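Take a look at the letters that make up each chain.
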Amino acid sequence: MEQINAILWQYRNVLPLTIRQIFYRLVVEYFYEKTERGYERLCETLNRARRARLLEMDVIRDDGFYLTSIPTYSNADEVIDVYLRHAGNLNVDRQAGQASRLIVWCEAQGMKPMLEGVTVNYGVPVASSGGFDSTTTKHNMANVFAAQMHTEVLHVGDYDPSGVHMFSSLQEDVQAFIDDLSGDVTFTRLAVTPDQRDQYDLPTAPPKKTDRRSFNDTSTVQCEALPPDVLLEIVEFAINLRIDPDIRSHTLKAEEELRRDLLRRLKGITE
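Residues numbered from 1 in each chain as written. Predicted model: local features only at pLDDT ≥ 70, side-chain atom pairs only at ≥ 80, totals over all residues. Heavy atoms only, no water.

Bridge count for strand E3 (residues 151–156) against strand E4 (residues 185–191) is six bridges, and the pairing is parallel. Paired with Glu152 across the two strands is Thr186, which belongs to E4. Handedness of the crossover joining E3 and E4 through helix H7 (residues 161–181) is recorded here as right-handed. (Pairing = 2+ DSSP bridges. Helix = DSSP H or I, 4+ residues; strand = E, 2+ residues; numbered from the N terminus. Right-handed = clockwise from strand over helix to strand, strands pointing away.)

Have a look at this one:
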């Protein structure tokens, strides 16, 4: 528990973490047992710790359950406050005017909210199906890409047979659909790469014997093995590398002017 708390404190700015992210930080920083048995023991430890109130519930991310939220209001003042708050946080299209439309595509659905903590500032959406993407998903996204200018997909996933094939399958299928729709899209693998494995000395494992997909390497790396702050730096650096800072500055100024104008009009109506 001391080691777990130390990790949660170290990455307090990007909480919550998935259990697998905590697992790999334990493996790297405290030489924790990198086995399925070790992972299961960690799951049980975290479960017991949260039940015993030794850990806050919201430090661990679990996106396997969804509940529809229905907004309700008790009076008109509450409604007005909500609209004023929204007006003060209104966003324009922060990718407007850029040479390419960017989208981050993440293999692990549990990491999507963490990535959005960085990408939302640039107006870059994050997509994830939590594994191999369906044909319907890829066709729908191809239609979205075809309706806009050049799109670049920045992909984040495991470096293993399944992860490599998820990326190639996504690229090939979306590209095939795009060709029929006369669109323009490119794909870039952001993480995990062999160079990142070596640079950050990430924990590896041999390819699973049960996964018979072709893979031209002797070691695999899970995306969660990358330190969370490093992964976010990789994503943010890639975005900044692809955008024009002058266009972005102009867009943010226009956004701020729109917010002020909207707040002024709303306050005039409500006073």
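What follows is about the pairing of E3. The element E3 is largely enclosed, with a buried count of six among its six residues. With burial as the criterion, each face of E3 is covered, one bearing Thr151, Val153 and His155 and the other bearing Glu152, Leu154 and Val156. In terms of strand pairing, strand E1 (residues 101–106) meets E3 through six bridges, oriented parallel. Its bridge partner being in E3, Trp105 is matched across the sheet by His155. (Buried < 20%, exposed > 50% of the residue type's maximum accessible area, 1.4 Å probe, protein only.)

All told, the structure shown has 17 salt bridges when counted by the stated rule. In this structure, Asp173 engages Lys138 in a salt bridge whose closest nitrogen and oxygen atoms are separated by 2.6 Å. Taken as a pair, Asp173 in helix H7 and Lys138 in helix H6 (residues 135–146) lie far apart in primary sequence, 35 residues in all. For Asp173, a relative accessible area of 28% translates into the label partly exposed. The partner of Asp211 in a salt bridge is Arg213, and the shortest N-O contact between them spans 3.1 Å. (Salt bridge = Lys/Arg side-chain N within 4 Å of Asp/Glu carboxyl O.)

Contact geometry for helix H2 (residues 19–30) and helix H3 (residues 36–51): axes closest at 10 Å, N-to-C directions at 115°. For the element pair H2 and H3, the recorded crossing hand is right-handed. Between H2 and H3, the residues in contact are Ile19, Arg20, Ile22, Phe23 and Leu26 and Gly38, Tyr39, Leu42, Cys43 and Leu46, respectively. Residue classes in the contact of H2 with H3 are distributed as eight nonpolar, one polar and one charged. (Axes fitted to C-alpha atoms, helices over the stretch in contact; angles between N-to-C directions. Left-handed = near helix turned anticlockwise from the far one by under 90°. Contact = heavy atoms within 4.5 Å. Nonpolar A, V, L, I, M, F, W, Y, C, P; charged D, E, K, R; others polar.)

Read these as geometric descriptors, not functional statements.
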